[in-house]
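So the chains spell out like this:
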Amino acid sequence: MSTPVHLTPARRPAAVLASARQRREGSRTGGPYRNPAEHALLGIQAGAGNRAATAAVQRARAGEQAGGQVSTPQNSTAPAGAQKKNYRDRIAGLLDRFKKNLDPIDTFIKGVQTPANAGFTQQAAAAANEGLKHSAAASGTSAASGNLLTEATGTVVSGMDAYKNMKDARKHETGAGHHTAGKKAKVKGTDAVIGAAGSGAYSAAIAKEVTKIQKAADAAVASEASGIASASVAALKSVRSVFRVGGAARKYRKVKELGDPHLVHAESLARLNESREHANWAAAEAFVALDAYWKQDGEGRLELIGEAVDAAWEAMGEARDAAETLQRAERDVEKLNTVQGYAKKKQLTKIGKETVGGALGESTKAAAGVVTAVAAGTAGLASNPVGWGLAGAGAGLVLGVTLYKALRAATKRYEEVRRPEVWAPQGETPAEAASRSESLKHALKFWKKVSKGERQAMAREIYALAAGPHIPGSGGTTQEMRQSGMALLIALKAGPADHKLDEDAWVASLDDPAKTEAWIKEIAEQLASG
């Protein structure tokens, strides 16, 4: 691990220090300010307090250093569209943060409180206990209200993300950036639609519980409507999970069809090894010839020796290059084997999570909603142990997958700051490792995504294998290995057709340093999705 570099702040120029000193002296003596915008800051300080004035002073000085123009709400040079976009991004960020803070509560409600409420409701109906029925209904109202708040917030965030990515996809038109944004727009758009339906279902659940509390005559009708709504939303989520399982399975199959890199590249490695051996023999023969010339006498001996030295030197260079090419190819084969294994593992993990938490968990919840609706429609609010059991089983499956994902994410966040050198980009000085306590605090920040983890590192490795010779670090990649890297990209749904490019333009984009960041982001997204 290389030693982190600690940057020391540069000394401020004497002219800047003198200017700051003059401004301080002017403020003490009541003299005029050199910048007209700073004259208005005295009123700000008196009216808004020192904290607001300090922030305004910093903006004024930043504007002064940028050319003397201060950025204020009345004197802003930023375009109106840029300001609107900035506000929209800030609002979306705040809503996303708010939603992620609600997620743990929502998970508890769905996995614990809601099934428990269903159990108490069933028990109260069986025992004709009005007090317990009233308490369960009150708890159910609070649970559905919490679910509604989380679902509605998530719907707004998903809608804003879908709109933003749709605009990004139209802006890029083709290439990795277009495909990444377009796919996100579809996913977030679907999330928004399902979230809207879920919000309606939770609203129906609130209405159902309220009618129970008020002992309204239409309580059975409300319960039936709530059961149908919850079943419909759960069925939608289950169908979406089935499609995701199918996509992940197809991607897994395509990656597997690429074959074992050791076997696929056995012939090319054998040719490189043969070239290395020939180069070594040529170098040995050149040295034998040089030794023979040293032993000869006669005119022109020195000239022959010089030519022999040049030939030996050239043969040594060729032997060295052949050995380095073989070593690089062997390392690339190991890298390709690693990234293909990782890609298959990611798809298998996705299949497992979507099958258990989505296809099985949500379909079980849908069945529970149907049973509840049928029971409410045929027997009023009679005991419904089957619906209670199905609801509990479905919630347990979803909760298990949610806890697994949360634990995995926390572990990755911990490793990200505790051992930053593990997945740091090659050639980049890793950040200083955090202490154990700081790493644990970072791991608990469930609203933060992992920015430097295994998936990002694997994306960089795949790109390095498929990239062109003009990309730093990819110049020594053999053509066979580069073709395998491109084949892996196609298997991951990042090929020419996915990017709306012909093959030549797609290959050229892989050799464009300006598109490196977009490519790595695209590959990371494709590794995670089905």
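Higher on the page you've got the structure.
Each value, and the rule that gives it
- Residues numbered from 1 in each chain as written.
- Predicted model: local features only at pLDDT ≥ 70, side-chain atom pairs only at ≥ 80, totals over all residues.
- Heavy atoms only, no water.
- Phe/Tyr/Trp six-rings, centres within 6.5 Å; stacked < 30°, edge-to-face > 60°.
- Buried < 20%, exposed > 50% of the residue type's maximum accessible area, 1.4 Å probe, protein only.
- Helix = DSSP H or I, 4+ residues; strand = E, 2+ residues; numbered from the N terminus.
- Arc of directions from axis to C-beta.
- Patch = residues over 30% accessible without salt bridge, like charges linked within 9 Å, V, L, I, M, F, W, Y side chains within 5 Å.
- Areas by Shrake-Rupley, 256 points an atom, 1.4 Å probe, with all protein chains shown as cover.
- Salt bridge = Lys/Arg side-chain N within 4 Å of Asp/Glu carboxyl O.
- Lys, Arg positive; Asp, Glu negative; His and termini not counted.
- Charge placed at Lys NZ, Arg CZ, Asp CG, Glu CD.
- Polar contact = N/O pair within 3.5 Å; in protein donor to acceptor, adjacent residues only side chain to side chain.
- Contact = heavy atoms within 4.5 Å.
- Axes fitted to C-alpha atoms, helices over the stretch in contact; angles between N-to-C directions.
- Parallel < 35°, antiparallel > 145°, perpendicular 65-115°, else oblique.
- Left-handed = near helix turned anticlockwise from the far one by under 90°.
- Nonpolar A, V, L, I, M, F, W, Y, C, P; charged D, E, K, R; others polar.

Student: So what's going on with the packing of aromatic side chains? Which residues, and what values?
Tutor: If you walk through the whole model with that rule in mind, you get 2 aromatic pairs. Summarising the aromatic geometry, the rings of Phe-446 and Trp-447 are spaced 5.2 Å apart at their centres and angled 85° between planes, so their arrangement reads as edge-to-face. We classify Phe-446 as partly exposed; its relative accessible area is 35%. A centroid spacing of 6.2 Å and a plane angle of 70° characterise the contact between Trp-506 and Trp-519, whose relative ring orientation is edge-to-face. Here the residue Trp-506 occupies a position in helix H16 (residues 503-510), and Trp-519 occupies one in helix H17 (residues 516-528), the gap between them amounting to 13 residues.

Student: So, helix H13 (residues 436-443): which residues are in play, and what are the values?
Tutor: Of the residues making up H13, those classed as buried are Ser-439, His-442 and Ala-443. When H13 is viewed along its axis, its buried side chains cluster within an angular range of 100° and face the same direction.

Student: Before we move on, can you summarise a negative patch on the surface with the specific residues and values?
Tutor: Among the surface-exposed residues, Glu-303, Glu-307, Asp-310, Glu-314, Glu-318, Asp-321 and Glu-324 lie close enough to one another that they form a single negatively charged patch. Summarising the element assignment, Glu-303 is placed in helix H11 (residues 301-379). Classification of Glu-303 as exposed rests on a relative accessible area of 55%.

Student: Describe the side chain of Glu-354, listing the residues and the values that go with them.
Tutor: In this structure, Glu-354 sits in helix H11. Within polar-contact distance, the side chain of Glu-354 engages the side chain of Ser-241 at 3.0 Å. Setting aside chain neighbours within four positions, we find Glu-354 in contact with Ser-241, Arg-244, Val-245 and Ala-359.

Student: Run through the packing of helix H6 (residues 130-172) against helix H7 (residues 175-213), naming residues and quoting values.
Tutor: Where H6 contacts H7, the two axes come as close as 6 Å, and the packing angle between them is 160°. Taken together, the axes of H6 and H7 are roughly antiparallel relative to one another. Crossing angle aside, the handedness with which H6 passes H7 is left-handed. Along the lines of polarity and charge, the residues of the contact of H6 with H7 split into 19 nonpolar, 18 polar and 8 charged.

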